[in-house]
There are 2 protein chains.
Amino acid sequence: MSSNVIICGAGLCGTLLALRLAERGHRITLLEKREDPRKGALVAGRSINLALSDRGLAALDLIGLKKRALDISIPMLGRMIHSIDGSITRLLPYSGRPDEFIQSISRHGLNALLLDAAGEHANIDIQFGISIQHADVRHARVAGLKMGTTEKIDLSGDILIGTDGAGSDVRQGFMQIGSNIRFNYRQDWLDHGYKELEIPAGPGGTWSIEKNALHIWPRHSFMVIALPNLDGSFTVTLFLAFDGQPGFNQLNQKEEVLDFFQTQFPELVQLMPNLVDDFMLHPTGALGTVKCSPWHTDQTLLMGDAAHAVVPFYGQGMNCAMEDVRILDQCLDLHNENWSEAFNTYQLLRKKNTDAIADLAVENYTEMRDHVDNPNFIAKRQIEMQLEKNYPDYASKYNLVTFCEDIGYADAKERGHAQDDWLLDYCAKNDTRNLTAADLDKIYSELM
Amino acid sequence: MSSNVIICGAGLCGTLLALRLAERGHRITLLEKREDPRKGALVAGRSINLALSDRGLAALDLIGLKKRALDISIPMLGRMIHSIDGSITRLLPYSGRPDEFIQSISRHGLNALLLDAAGEHANIDIQFGISIQHADVRHARVAGLKMGTTEKIDLSGDILIGTDGAGSDVRQGFMQIGSNIRFNYRQDWLDHGYKELEIPAGPGGTWSIEKNALHIWPRHSFMVIALPNLDGSFTVTLFLAFDGQPGFNQLNQKEEVLDFFQTQFPELVQLMPNLVDDFMLHPTGALGTVKCSPWHTDQTLLMGDAAHAVVPFYGQGMNCAMEDVRILDQCLDLHNENWSEAFNTYQLLRKKNTDAIADLAVENYTEMRDHVDNPNFIAKRQIEMQLEKNYPDYASKYNLVTFCEDIGYADAKERGHAQDDWLLDYCAKNDTRNLTAADLDKIYSELM
């Protein structure tokens, strides 16, 4: 029962999907709008590193690439919080258990790893530089153009899958038959945008600040984060209101940019010699959430960001998109390669979970920029770490989302919120500095 | 300060807007995709009559056409509820005050009235059969095609306003610059669709059922409604789940249609000799809500269904779209014809109200099909009528929405919900059959 499958979008989700479906015996045509990213220069200012965690790793494990992905990753053991005057730097571990942490990985490096594997697979034909003009989602057909030419492409398969990201062209095919398929769709943008900057490598490729952490400079209504790269540099991102005080609208002149960083992030001015030039050169990006339904017809499916783009604040966009492949794989098992039935079950299982991570990601922006240096929040995290250390079956909200790939995002959200509410209330009412084993037992039994 | 204004969409909102802006001294180019509706045959199965009420009338009054609209309308004093066996027919008046009722009007007739007026205005140039291919919402430019030809149209003005309905082409211009303008957008479809049918006129152009009412055959999970036309016919609409028991999916054969109506609406089988043929011939329509934001750039604005399409169950879609014109008119007064400032204030004032009517319209579907024959609901309506009769400043939720054009939909929703909750609770706990003047006084003082 081998099918001809057209996959639009050779990013992380699409290439992983191509590999897995090829292993299942299907013949894959993998189309990508960009030229081969392994050949070109990186585009400055686009998200260039990501936090890989257990859901993404479980999906990579499906195709035997987990170890090779870890080989190009840098462990981040927790959030390193930087105060405004640089006097306090505090590591908040991601878990109370030593084997639970996340990985900084280059989007480009991981994509190249996947594309190399796909290029070697006999069942996969990759075509770069193909722009989709029209997707016929009722009949698994796409019409497009070879980029930079007038050469027309017209392909039809048994199955069409759109993994072409938040601005999906395949999704346009669903929008266009809107009143017929009754395609529910929403896109919501944050009032905050982002700007990507860089802390260059120190002498001899060393890391100028702690290598094994995700650094945060929380400033309540805005923040900077930094993730380590293999070459000693850090990718730095400023998240800030488009229009505000402060806001990107007030940072138009070099002097304004320098003044803002000197006031709010003096430590970073020292670490980033190209700060002002990078700031002026790099685009200001917008952050949006996409939700839609249905994701499928009998022959076409949307996956990854094309179906459910999220804001980046839970570090789950890529992990969720790769987990999509693992869940679809299970659905194909369940329905003996009957695509239409598998798509139906896939959406039933998956939609509530991608809705949940979308909401969690928006919530987490407030947590990262505003709560991580709040005493109650820190007290809560300390109790959670003690619980995780002493009770193997306890997991905080962050832990459930990040390290528990057998628990769906929706359940993680529900349990996590209940735990957070109880613990924040407890921390507000009790002195939590010297908890005894009996205190912890009592908290544990309340929470579980 | 006369501006060149391009208005896309010569439906009820766009033509009324053209007339009002022309009266303000602007020069209007009014573009319409369809051919002149005054020349062609009506399209069967599209919504062909509407409930005109005070918000729409207030907007028509702006351009002096209120009386002429009323001349082609039929008053509907209340909802006439038809039970399944035809034994009970009960009129639930829309208000306890005799001068508060709604009007059945033909969409085509009202549009023709407006187009005739626009055609006579020296400041308005109407062009039919123009399909918009691209709207440049930053610069008030549209590119299009003369329908049925390859003749290209390229127009630019000082201001561009999209009144081109729920499937707006101008709105596409906002979608296309999505990450730049950060255009929030959502479309949500109901699981129920509709089919338009007809009760033909009786002998000599008489009405076969009560003329001055909006008829409802409520059947809990579905319903039929009928609105009177001037020629003695009624426009009949079945609202039913697409997939359900019953559902449109089960009504594919003529025998199935007849059997369904004979079981559920025997009275209508008698009244509609062409029932089965009409059912098979007419399309099944979908019902959707569109919400978006921002509605404007400095030079372009979305109005009416293009900005906020609603489902039809509050009879407010047209009234709301025409009220848009009245509110924009006030904003142009306020800002001395400064369009950009007027657009900004318009959205600030208007968005919460159009969001509210969208939500009220979805809620009202449940009320119309399921609650209107519920004893508690009927008891509540009877108290509300007594309150409206005896206390000139009392208004039910329906009354606030329909007859109080000085109160925004958002306030109407909030007050209306609070009143409904209190009254339904009261009716559940008390025998309301013989309320005294003192009882009413007490209820009134609780509610106000």
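These figures come from a predicted structure and were not determined experimentally.

### Observations concerning the relation of the copies chain B and chain A
Superposition of chain B onto chain A requires a rotation of 180 degrees combined with a translation of 0.0 Å along the rotation axis, giving an RMSD of 0.0 Å. In the structure described here, the two chain copies are related by an operation that fits a two-fold rotation axis. When C-alpha positions in chain B are compared against the rotation axis, the closest is assigned to R186(B), at 2.0 Å. Residue by residue, 100% of the interface of chain B is reproduced at the interface of chain A, so both copies engage with the same surface.

### Considerations on the pattern of salt bridges
Residues and elements named next belong to chain B. One pass over the full model with this rule turns up 58 salt bridges over all chains. For D425, the salt bridge is made with K429, and the minimal N-O distance between the two is 3.2 Å. On the criterion of helical spacing, the pair formed by D425 and K429 is a turn pair, its members being 4 residues apart in helix α15 (residues 409-429). For D425, a relative accessible area of 38% gives the class partly exposed. Classification of K429 by relative accessible area gives exposed; the value is 64%.

### Points about the environment of N212(A)
All names here are of chain A. Position of N212 among the secondary structure elements: in the loop between β13 (184-199) and β14 (214-218). Once the C-alpha coordinates of N212 and L227 are considered, the two residues, 15 residues apart in sequence, prove to be 8.8 Å apart. In this structure, N212 is in contact with I74, P75, M76, L77 and G78, ignoring residues within four places of it in sequence. At 2.7 Å, the side chain of N212 forms a polar contact with the backbone oxygen of P75.

### Digging into helix α11 (residues 317-334) of chain B
Residues and elements named next belong to chain B. In this model α11 runs 26 Å from its N-terminal to its C-terminal C-alpha over 18 residues, within 8% of the 26 Å that 1.5 Å per residue would give. Counting buried residues along α11, 14 of its 18 residues qualify, which places the element largely inside the surrounding structure. A positive backbone phi angle near 50 degrees is found at N336, which sits one or two residues after α11.

### Focus: the packing of helix α1 (residues 12-23) of chain A against helix α4 (residues 107-119) of chain A
All names here are of chain A. Where α1 contacts α4, the two axes come as close as 9 Å, and the packing angle between them is 25 degrees. In terms of orientation, α1 and α4 fall into the roughly parallel class. For the pair α1 and α4, the sense of crossing is left-handed. Within the contact between the two elements, α1 uses L12, T15, L16 and L19 and α4 uses R107, L110, N111, L114, L115, A117 and A118. A per-class count over the contact of α1 with α4 returns 8 nonpolar, 2 polar and 1 charged.

### What to know about the interface of chain B and chain A
Contacts between chain B and chain A engage 15 residues on the former and 15 residues on the latter. Between chain B and chain A the total buried area reaches about 1400 Å² when both faces are included, carbon and sulfur atoms providing 50% of it. Three residues stand out in chain B for area buried against chain A, namely R182(B), Q187(B) and W189(B), and they jointly supply 43% of the buried area on that side. Scanning the region where chain B abuts chain A turns up 0 salt bridges. Contributions of two or more residues to the side of chain B that touches chain A are made by α6 (178-181) and β13 (184-199) of chain B. In terms of residue count, the dominant contributor to the side of chain B that touches chain A is β13(B) (7 residues). Partitioning the side of chain B that touches chain A into residue classes produces 7 nonpolar, 4 polar and 4 charged. Taken together, the 3 bridges between β13(A) and β13(B) define a ladder with antiparallel strand orientation. Bridge pairing links Y185(A) to Q187(B) in β13(B).

### Regarding the packing of aromatic side chains
Residue and element names in this part refer to chain B. Counted according to the given criterion, the structure contains 43 aromatic pairs over all chains. On the numbers, 5.5 Å between centres and 45 degrees between planes, the contact of F261 with F265 is tilted. For the pair formed by F261 and F265, the shared burial category is buried. We note R55 situated over the ring of Y409; from NZ or CZ to the ring centre the distance is 4.2 Å. One Lys or Arg, K211, reaches over the ring of W207 and ends 4.2 Å from the middle of that ring.

Criteria and thresholds
- Residues numbered from 1 in each chain as written.
- Chains lettered and ligands numbered in written order.
- Predicted model: local features only at pLDDT ≥ 70, side-chain atom pairs only at ≥ 80, totals over all residues.
- Heavy atoms only, no water.
- Least-squares fit on C-alpha atoms with pLDDT ≥ 70 in both.
- Contact = heavy atoms within 4.5 Å.
- Salt bridge = Lys/Arg side-chain N within 4 Å of Asp/Glu carboxyl O.
- Helix = DSSP H or I, 4+ residues; strand = E, 2+ residues; numbered from the N terminus.
- Buried < 20%, exposed > 50% of the residue type's maximum accessible area, 1.4 Å probe, protein only.
- Polar contact = N/O pair within 3.5 Å; in protein donor to acceptor, adjacent residues only side chain to side chain.
- Expected span 1.5 Å × (residues − 1).
- Axes fitted to C-alpha atoms, helices over the stretch in contact; angles between N-to-C directions.
- Parallel < 35°, antiparallel > 145°, perpendicular 65-115°, else oblique.
- Left-handed = near helix turned anticlockwise from the far one by under 90°.
- Nonpolar A, V, L, I, M, F, W, Y, C, P; charged D, E, K, R; others polar.
- Buried area = accessible area lost by both parts, 1.4 Å probe.
- Pairing = 2+ DSSP bridges.
- Phe/Tyr/Trp six-rings, centres within 6.5 Å; stacked < 30°, edge-to-face > 60°.
- Lys NZ or Arg CZ within 6 Å of the ring centre and 35° of its normal.

Purely geometric numbers; function is a separate question.
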